[in-house]
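An overview of the molecular structure
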Amino acid sequence: MGKPRVAIFDFACCEGCQLQIVNLEEEILDLTGAFDVVEWREAMSEQSDEYDIAIVEGSITRPEDEERVKNIRRRAKILIALGACATIGGINKLKNNFELGEVKEYVYGKDSEKPHLDTAKTKAVGEVVKVDYKVHGCPIDRDEFTYILRCILLGKEPEIPEWPVCVECKAKGNVCVWEYGQVCLGPITRAGCGARCPSSGFRCYGCRGYIDNPNVEAAKEVIEKYNLDIKDLKAKMKLFGSGYEPTKK
Amino acid sequence: MGIKKISKDGFSGLIEGLIAETTVIGVQSKGDKFVYDLLGSSANLRLDYDVTILPPKKYFLQPAEILLRFDGEKYEAEFDDEEFVLVGVHPYDMIAINQIDKLYSEDNFDSHYMRRRENATVIACDVARASENVFASSMGTATVSEGFDILLTDIGDFYVAESATDKGEKLLGKAEGVSTAEDEDLKAREKIQEENKKNLNKHKLGCKPSELPGLLEKAYNHPIWEELGKKCFSCGSCNQVCPTCYCFNVQDEVNWDLKSGTRKRVWDGCLLDGFTKVAGGHEFRKSRADRIKHRIYRKGKYVPEKIGGEIACVGCGRCVGACLTDIANPVKIYNRLIEDIGIGK
Ligand code: SF4
Ligand code: SF4
Ligand code: SF4
Ligand code: SF4
Ligand code: SF4
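Here the structure is a predicted model, which is why all the values come from computation and not from measurement. (Residues numbered from 1 in each chain as written. Chains lettered and ligands numbered in written order. Predicted model: local features only at pLDDT ≥ 70, side-chain atom pairs only at ≥ 80, totals over all residues. Heavy atoms only, no water.)

Quick notes on the overall build of chain A
Scanning chain A for helices and strands turns up 10 helices and 5 strands. In chain A, once contacts between residues fewer than 6 apart in sequence are set aside, the share between residues at least 24 apart is 73%. Carbon and sulfur atoms make up 51% of the accessible area of chain A, which totals about 12000 Å². (Helix = DSSP H or I, 4+ residues; strand = E, 2+ residues; numbered from the N terminus. Contact = heavy atoms within 4.5 Å. Areas by Shrake-Rupley, 256 points an atom, 1.4 Å probe, with all protein chains shown as cover.)

Quick notes on the pairing of strand β3 (residues 33-38) of chain B
Residue and element names in this part refer to chain B. Two strands pair when backbone bridges link them, and strand β2 (residues 23-30) and β3 are joined in this way by 6 bridges, in the antiparallel orientation. Across the sheet, residue S29 finds its bridge partner in β3, namely F34. Between β2 and the antiparallel strand that follows it, β3, lie 2 residues; G31 among them carries a positive phi value of about 60°. (Pairing = 2+ DSSP bridges.)

Regarding the site of ligand 4
All residues in the neighbourhood of ligand 4 are listed as F135, C242, P243, R295, C313, V314, G315, C316, G317, C319 and P330 of chain B. Its residues assigned to classes, the shell around ligand 4 comprises 8 nonpolar, 2 polar and 1 charged. (Near = heavy atom within 4 Å. Nonpolar A, V, L, I, M, F, W, Y, C, P; charged D, E, K, R; others polar.)

Quick notes on the domain arrangement of chain B
All names here are of chain B. In terms of domain boundaries, chain B breaks down into domain 1 (2-199) and domain 2 (209-341). Between domain 1 and domain 2, the C-alpha centre-to-centre distance is 26 Å. Taken residue by residue, the interface counts 40 residues in domain 1 and 41 residues in domain 2. A combined buried area of about 3300 Å² lies between domain 1 and domain 2, and 63% of that area is made up of carbon and sulfur atoms. Together, F70, Q99 and F135 form the three largest contributors to the area buried by domain 1 at its contact with domain 2, with a combined 20%. Inspection of the region where domain 1 meets domain 2 yields 4 salt bridges. R318 is the partner of D93 in a salt bridge, and the nearest nitrogen-oxygen pair spans 2.7 Å. (Domains from an automatic or database assignment. Buried area = accessible area lost by both parts, 1.4 Å probe. Salt bridge = Lys/Arg side-chain N within 4 Å of Asp/Glu carboxyl O.)

A look at the sheet that holds strand β5 (residues 75-77) of chain B
All names here are of chain B. Spatially, 4 strands are ordered β5-β4-β12-β11 in an open sheet, and the strand pairing comes out antiparallel. Pairing within the sheet leaves two strands with one partner each, and these edge strands are β5 and β11 (248-254). Ignoring strand direction, the axes of neighbouring strands in this sheet form an average angle of 30°. Bridge count for β11 against strand β12 (residues 261-267) is 7 bridges, and the pairing is antiparallel. Bridging from a neighbouring strand, V254 pairs with G261 of β12. (Axes fitted to C-alpha atoms, helices over the stretch in contact; angles between N-to-C directions.)

What to know about the pairing of strand β6 (residues 84-89) of chain B
All names here are of chain B. For β6, the buried fraction is high: 6 of the 6 residues fall into the buried class. Pairing geometry for β6 and strand β7 (residues 120-125), over 5 bridges, is parallel. Pairing of V85 across the sheet is with T121, part of β7. (Buried < 20%, exposed > 50% of the residue type's maximum accessible area, 1.4 Å probe, protein only.)

Overview of the interface of chain A and chain B
If you look at the interface, chain A gives 39 residues, while chain B gives 34 residues. For the chain A and chain B pair, buried surface summed over both sides reaches about 3000 Å², with 60% attributable to carbon and sulfur atoms. Among the ionic pairs, E179 of chain A bridges to K33 of chain B, the shortest N-O distance being 2.8 Å. Taken together, the links from chain A to chain B amount to 9 residue pairs in polar contact (both at pLDDT 80 or more). Put simply, the parts of the chain that give the side of chain A that touches chain B at least two residues each are α2 (26-34), α6 (142-154), α7 (166-171) and α9 (216-225) of chain A. (Polar contact = N/O pair within 3.5 Å; in protein donor to acceptor, adjacent residues only side chain to side chain.)

Observations regarding the site of ligand 3
Surrounding ligand 3, one finds T189, C193, R196, C197, P198, C204, Y205, G206, C207 and R208 of chain A. Counted by class, the shell around ligand 3 contains 6 nonpolar, 2 polar and 2 charged residues.

Some details on the packing of aromatic side chains
All names here are of chain B. Applying the stated criterion to the full structure yields 13 aromatic pairs over all chains. Look at F34 and Y49: their rings are 6.2 Å apart centre to centre, the planes differ by 55°, and that puts the pair in the tilted class. Pair noted here: F34 is in strand β3 and Y49 is in the loop between β3 and β4 (64-70), with a separation of 15 residues, a long-range link. Classification of F34 as buried rests on a relative accessible area of 5%. Here Y104 and Y246 contribute two aromatic rings whose centre-to-centre distance is 5.7 Å and whose plane-to-plane angle is 85°, an arrangement assigned as edge-to-face. With a gap of 142 residues between them, Y104 in helix α2 (residues 91-105) and Y246 in the loop between α9 (237-240) and β11 connect regions that are remote in the sequence. There is no split in this pair, since Y104 and Y246 are both buried. (Phe/Tyr/Trp six-rings, centres within 6.5 Å; stacked < 30°, edge-to-face > 60°.)

Set out below in structure tokens:
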């Protein structure tokens, strides 16, 4: 068997996660040694209809994008969702909290009626097609990305934490930022980033998405304990945790 | 071995000398908290600390460590052979280390842990300031009599210094400012230790520690586990900060040649979703309530049964402060059980 062919596609996103791939430096050679990269707009001009693995970055925000990603899915044996925009809809999902016409007008002003600015509710890639592997985070963690690729080559299931960021945060000996009045989403957010934000003194804003079984009721208790407003928690959760329907008040 | 006293200047000189020749880890401040970290100067050492964020266990069982390297055909264990001095270990943390020593040297000899343990010189010290949540007095862990090389007690201008090993004896032998501990010095030390046995007690356990296994025997079906489960994040904070938790997870990382790589272990915890997954993905003991119950049983019954009765909670109080929803405090749980089902029979 030849090298698996990989194609990289982007949808609505800032392309920050692809940039992380570009920034792999020496490891990019290992990657191109193990895979045949057949399509990657960010780094090459070739296009291809033949590939084994599709890496999809970004969220699905327009009807024509749904068709495009379905097409990609049909051709690929394996589909990887790259980054928060793709895995959970990411920041793009904030928009689902508002009426679409309102959002468009806010962003594009009087141009908002032009047809190429057509938009729909934001979906994560997995809400449109089957996703085989998710590379979490905004942006992704490079080591986790290459680890997942090696697991695919080895035919072995990658071990992605099912536990929250607090685990990594505590192991690092950090002081919990709740003690400084910050609403940290660490207890309900999937670990794997090495508690990047709390380790620098910032709250976790949940970019890796929720763990499989988050205890949101417990989070409400903590808000009470620290005499904070439940609205704070909800506002923080919207950034990366918005759903398809508007977040309930 | 002997009990001496050493002037504070003499002790600082000893630490400076050690810093010049080896790796010295000591308790230092971090904001308004304390941590164990590499010591750059004796002036940074804070033996007046209350409690550290993480226990000193992290120098023996590291949060993440490489166990071995493989190249596809053979593998080679990797050891950390650096000698180091650990300064400032409180009695409860020393007792926790002694417990893990037992667990890792008896049925499952853990050569990585034991190698580090042998490479370490431990300078313990009696508690000078009670932390917010300590309850070592309740657990009988406010003072310690073994495991350290030297034990210091601050009696004002001097430390009373008890050496328990040849290593400790030799170290004190090198120091300046060492003199005979007089009766009054020993009395001063005894006073501090007696007070600690009473006053390191911010949460008072309603029974003797030795009665806990019997209490738990009757508590399998108590509603408290479900109640606590509702408020638990499964965030493992209570495990991560605990000096007696010793679970780890082993992972292989394979390099790009898809043959060579490393086997690592990282701290794990019984509160984590995924901890109970065994090979094949079968998961048992799944609910949050069951996991909380497991942690308490582990500390109060299962581990004690393995190590000769000692309770595997040393009352450091770290889990109490680490738990965002205030449900990890073992004393609160035990006292509630005592109230509801009583001790005895
Ligand atoms: S996940 Fe974040 S970094 Fe990656 S593309 Fe989306 S917005 Fe950019
Ligand atoms: S700072 Fe955030 S991630 Fe860290 S322990 Fe606190 S809640 Fe958890
Ligand atoms: S700490 Fe939270 S917000 Fe920061 S990288 Fe990790 S998951 Fe994302
Ligand atoms: S259970 Fe809590 S109080 Fe007991 S030793 Fe562990 S962290 Fe300390
Ligand atoms: S008991 Fe508290 S610290 Fe422990 S896992 Fe549950 S919420 Fe986290």
